[in-house]
Amino acid sequence: MQFEVGYFRQARCFEVGCSDVVAGECLSSEMKCRMETKRILITGASGLIGSALARRLEEDGSEVVRLGRRNGTEPANGLCWDPANGELRGSDLEGFDAVVHLAGENLAAGRWTDARMCALRESRVAGTHLLCSRLADLSQPPKVLVNASAIGFYGSRGEEVLTEASAAGTGFLAELGGLWEKAAAPVIGVGIRVVYARFGIVLSANGGALGKMVPLFRFGLGGVLGNGNQFWSWIEIGDAVRALVHILRHEALSGPVNVVSAQPVSNREFTQVLGKVLSRPTVFPVPAPILRCAVGRMADEALLASQRVAPEKLIGSGYVFRHPGLESAMRHLLGRERRGGVHEC
């Protein structure tokens, strides 16, 4: 199942090696070289999105500096901070053109006990407030801050099409998303363009939701979750990275930006497509009560939640998806491309 953003018809870009689009046109290598001479700070650079983004920016000629936690693995080329204890030297942040803040505890790393939810909240809210407070006091602040957020902000909304203008929903993830974005308040009004990148399910063969699902599906143990009717809004990892680069370059983009494909699917369709790509049956559904017993509150807030999200701002600013359809994305990620490619409208 898919929907279209009616005012805009997306064109596919087939130029070999091209992964950047401005106003629907491919950027030449020469143009990229002229544009990419920037110094960019990334938090969460060891994560799924951050590591891929850092590599991409470095390939484009930017100087990337990684800000890592002092109590974690210190980055080889980077700086350290301790957000839990409020430790971050403002002088370390001078002279950057852009900051991409992706740091935060993994939502799926454990059952959501009260203590776990507190840790998830603190890792996002306290860290963001600390970083933004330091950025606001700089003599040379960055031109743009891209602050990670998530489509959990919207809550579970059935078949309603959700855009950046949609109101916040209810539940823990909606509350967390709102607090996460509000924590960037110190940089509002000091000349820094602020973007809240609301990520959907980021698909990667190297981790995340898809990385956990593939082994089960390979053994023929895949199936729908609950009734399978809930909408899952997703994006392929390469498109997520290209979207972030697009956001950094486009000064007109600010505020919330949905980082999702324009073709959300039901969990049932997601399951069927993954089974098709892997040539495996998907005959083992997981009833909602079993999910709730297995993962607790996360079941209703994430796995069974329905979020039909549209990337209205991305498309309106000229971004063109490399993998707009789910089957194309999965075949690319899992090395199962068909000869001649997968045709998708």
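Residues numbered from 1 in each chain as written. Predicted model: local features only at pLDDT ≥ 70, side-chain atom pairs only at ≥ 80, totals over all residues. Heavy atoms only, no water.

**Here we look at the overall build of the chain**
Piece 1. Tallying secondary structure elements over the chain gives eleven helices and 15 strands in all.
Piece 2. Residue pairs at least 24 apart in sequence account for 78% of intrachain contacts in the chain once pairs closer than 6 positions are excluded.
Piece 3. Looking at the chain as shown, the accessible area adds up to about 15,500 Å², and 53% of this sits on carbon and sulfur atoms. (Helix = DSSP H or I, 4+ residues; strand = E, 2+ residues; numbered from the N terminus. Contact = heavy atoms within 4.5 Å. Areas by Shrake-Rupley, 256 points an atom, 1.4 Å probe, with all protein chains shown as cover.)

**Here's the deal with the nonpolar core**
Piece 1. Within the largest apolar cluster, 60 residues are counted, with the highest numbers of intra-cluster contacts made by Ile42, Leu53, Val146, Phe199, Ile247 and Leu274.
Piece 2. The contact partners of leucine 274, leaving out residues within four places of it in the chain, are Leu210, Met213, Val214, Phe217, Met330 and Leu334.
Piece 3. Within the second largest apolar cluster, 21 residues are counted, among which are Val65, Phe96, Leu131 and Cys132. (Core = buried A, V, L, I, M, F, W, Y, C linked by side-chain atoms within 4.5 Å. Buried < 20%, exposed > 50% of the residue type's maximum accessible area, 1.4 Å probe, protein only.)

**Structural notes on unusual backbone geometry**
Piece 1. The residue serine 279 is not glycine, and still its phi comes out positive at about 55°.
Piece 2. Looking at the element boundaries, serine 279 is found in the loop between helix H7 (267–278) and helix H8 (288–295).
Piece 3. Look at serine 279 and you get exposed, because its relative accessible area is 54%.

**As for a nonpolar patch on the surface**
Piece 1. A surface patch of nonpolar side chains, amounting to about 550 Å² of accessible area, comprises Leu216, Phe219, Leu221, Val283 and Phe284.
Piece 2. Tracing the backbone shows leucine 216 in helix H5 (residues 208–218). (Patch = residues over 30% accessible without salt bridge, like charges linked within 9 Å, V, L, I, M, F, W, Y side chains within 5 Å. Salt bridge = Lys/Arg side-chain N within 4 Å of Asp/Glu carboxyl O.)

**Concerning the packing of H7 against helix H11 (residues 326–333)**
Piece 1. Where H7 meets H11, the axes come as close as 10 Å, and the angle between the chain directions of the two elements is 40°. With respect to each other, H7 and H11 are oriented oblique. Both H7 and H11 take part in a crossing whose hand is right-handed. The segment H7 lies against H11, with Phe270, Val273, Leu274, Lys276 and Val277 engaging Leu326, Glu327, Met330 and Arg331.
Piece 2. Split into classes, the residues belonging to the contact of H7 with H11 amount to six nonpolar, no polar and three charged. (Axes fitted to C-alpha atoms, helices over the stretch in contact; angles between N-to-C directions. Parallel < 35°, antiparallel > 145°, perpendicular 65-115°, else oblique. Left-handed = near helix turned anticlockwise from the far one by under 90°. Nonpolar A, V, L, I, M, F, W, Y, C, P; charged D, E, K, R; others polar.)

**Points about the side chain of asparagine 267**
Piece 1. Here asparagine 267 is to be found in helix H7.
Piece 2. By relative accessible area, asparagine 267 is classed as buried at 1%.
Piece 3. A polar contact of 2.7 Å, which involves the side chain of asparagine 267, links it to the backbone nitrogen of leucine 225.
Piece 4. Apart from residues no more than four positions distant in its own chain, asparagine 267 is found in contact with Val224, Leu225, Gly228, Gln230 and Trp232. (Polar contact = N/O pair within 3.5 Å; in protein donor to acceptor, adjacent residues only side chain to side chain.)

**A short note on helix H2 (residues 48–59)**
Piece 1. With twelve residues, H2 should cover 16 Å at 1.5 Å per step; its first-to-last C-alpha distance of 17 Å lies within 8% of that length.
Piece 2. All of the buried residues in H2 are Ile49, Gly50, Ala52, Leu53, Ala54, Arg56 and Leu57. (Expected span 1.5 Å × (residues − 1).)

**A word on the packing of aromatic side chains**
Piece 1. The tally for this structure, following the rule as stated, stands at four aromatic pairs.
Piece 2. Between tryptophan 112 and phenylalanine 172, the aromatic rings sit 5.3 Å apart at their centres with planes inclined by 65°, giving edge-to-face as the arrangement. One end of the pair, tryptophan 112, is in the loop between strand E6 (98–101) and helix H3 (114–136); the other, phenylalanine 172, is in helix H4 (residues 172–182), with 60 residues separating them in the sequence. Like tryptophan 112, the residue phenylalanine 172 is buried in the burial classification.
Piece 3. In this arrangement the basic side chain of arginine 124 is found over the ring face of tryptophan 180, its NZ or CZ atom lying 4.9 Å from the centre. (Phe/Tyr/Trp six-rings, centres within 6.5 Å; stacked < 30°, edge-to-face > 60°. Lys NZ or Arg CZ within 6 Å of the ring centre and 35° of its normal.)

**A few points about the pattern of salt bridges**
Piece 1. All told, the structure shown has 16 salt bridges when counted by the stated rule.
Piece 2. The partner of aspartate 60 in a salt bridge is arginine 249, and the shortest N-O contact between them spans 3.7 Å. Taken together, the residues span a long stretch of sequence, with aspartate 60 in the loop between H2 and strand E4 (63–69) and arginine 249 in helix H6 (residues 237–249) at a distance of 189 residues.
Piece 3. Here arginine 249 falls in the buried class, since its relative accessible area comes to 17%.
Piece 4. Look at the salt bridges and you will find they share partners, linking Arg56, Asp60 and Arg249 into a network.

**Notes on the sheet that holds strand E9 (residues 193–199)**
Piece 1. Spatially, seven strands are ordered E5-E4-E3-E6-E7-E9-E13 in an open sheet, and the strand pairing comes out parallel. Single-partner strands in this sheet number two, and they are strand E5 (78–81) and strand E13 (255–259). Recorded for the sheet is a direction-independent mean angle of 20° between the axes of neighbouring strands.
Piece 2. One ladder, built from four bridges, connects strand E3 (residues 39–43) with E6; its direction is parallel. If you follow threonine 43 over to E6, its bridge partner there is histidine 101. (Pairing = 2+ DSSP bridges.)

**Details of the confidence of the model for the chain**
Piece 1. For the chain, per-residue confidence averages 88 on the pLDDT scale, and residues scoring 70 or more make up 85% of the total.
Piece 2. In this model residues 1–36 is a low-confidence stretch, pLDDT under 50, and it forms 68 contacts with partners more than four residues away in sequence or in other chains. (pLDDT = per-residue confidence, 0-100.)

**Considerations on the environment of glycine 155**
Piece 1. Topologically, glycine 155 is positioned in the loop between strand E7 (144–150) and strand E8 (161–162).
Piece 2. For glycine 155, a relative accessible area of 7% translates into the label buried.
Piece 3. Taking the C-alpha atoms as reference points, glycine 155 and alanine 167, twelve residues apart in sequence, are found 9.5 Å from one another.
Piece 4. Discounting residues that sit within four places of it in the chain, glycine 155 has contacts with Gly169, Thr170, Ala174, Ser306 and Gln307.

**Some words on the pairing of E4**
Piece 1. Burial analysis of E4 places five of its seven residues in the buried class, which makes it a mostly covered element.
Piece 2. Where the polypeptide runs from E3 across H2 and back to E4, its parallel neighbour, the crossover connection is right-handed. (Right-handed = clockwise from strand over helix to strand, strands pointing away.)

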